[in-house]
Amino acid sequence: MTTATSPRALEHPTRDEISLEGVLHALSDPVRLRIVRDMAREDAALSCSYFDLPVTKSTTTHHFRVLRESGVIQQMYRGTAKLNALRRDDLDALFPGLLDTVLTAAGAQADRQEGVREA
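Basis of the calculations
- Residues numbered from 1 in each chain as written.
- Predicted model: local features only at pLDDT ≥ 70, side-chain atom pairs only at ≥ 80, totals over all residues.
- Heavy atoms only, no water.
- Salt bridge = Lys/Arg side-chain N within 4 Å of Asp/Glu carboxyl O.
- Helix = DSSP H or I, 4+ residues; strand = E, 2+ residues; numbered from the N terminus.
- Buried < 20%, exposed > 50% of the residue type's maximum accessible area, 1.4 Å probe, protein only.
- Arc of directions from axis to C-beta.
- Pairing = 2+ DSSP bridges.

Let's talk about the pattern of salt bridges
Tallied over the full model, the rule gives 7 salt bridges. For the salt bridge of Glu69 with Arg65, the shortest nitrogen-to-oxygen distance reads 3.7 Å. Separated by 4 residues within a single helix, Glu69 and Arg65 lie in helix H3 (residues 57-70), roughly one turn from each other. We note a salt bridge from Arg88 to Asp100, for which the minimum N-O separation is 2.9 Å. Taken together, the residues span a long stretch of sequence, with Arg88 in helix H4 (residues 88-94) and Asp100 in helix H5 (residues 98-118) at a distance of 12 residues. The partly exposed category is assigned to Asp100, whose relative accessible area is 39%.

Listed below in structure tokens is the structure:
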């Protein structure tokens, strides 16, 4: 794992350190998958406060850490905000089509669940 160069720099795996198992584990949690879906939809670096998640702040921090340590997202500080960006280029290079397939399947699942709630 890469090492932080300053107190505010966060450790991220290099592209070569990202594993399929780690990515699949990170994406297997519904809250983390929701974060990734939001990031993919917005296609921009988003602050942690952007996400309205049904978990505590400490649990939210845990989910972002799992996503960062697995190589799914990159986190960086801009002023006092911590921004989160999807590492789409790295994921697409390592696992072609995986992210798009997972996002499509997650969207279909969300649509099915919404249909059940409306019925």
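Further notes follow.
Let's talk about helix H1 (residues 20-27)
Listed in full, the buried residues belonging to H1 are Val23, Ala26 and Leu27. Down the axis, H1 shows its buried residues gathered within 95 degrees of arc, on one side only.

Re the pairing of strand S3 (residues 81-86)
For strand S1 (residues 46-47) and S3, the ladder comprises 2 bridges, and the chain directions are antiparallel. Bridge pairing links Leu46 to Asn84 in S3. Direction of pairing for strand S2 (residues 73-78) relative to S3: antiparallel, over a ladder of 6 bridges. Bridging across to S3, Gln75 finds its partner in Asn84. Here S2 folds back onto S3, and the loop between the two strands holds 2 residues, one of which, Gly79, carries a positive phi near 65 degrees.

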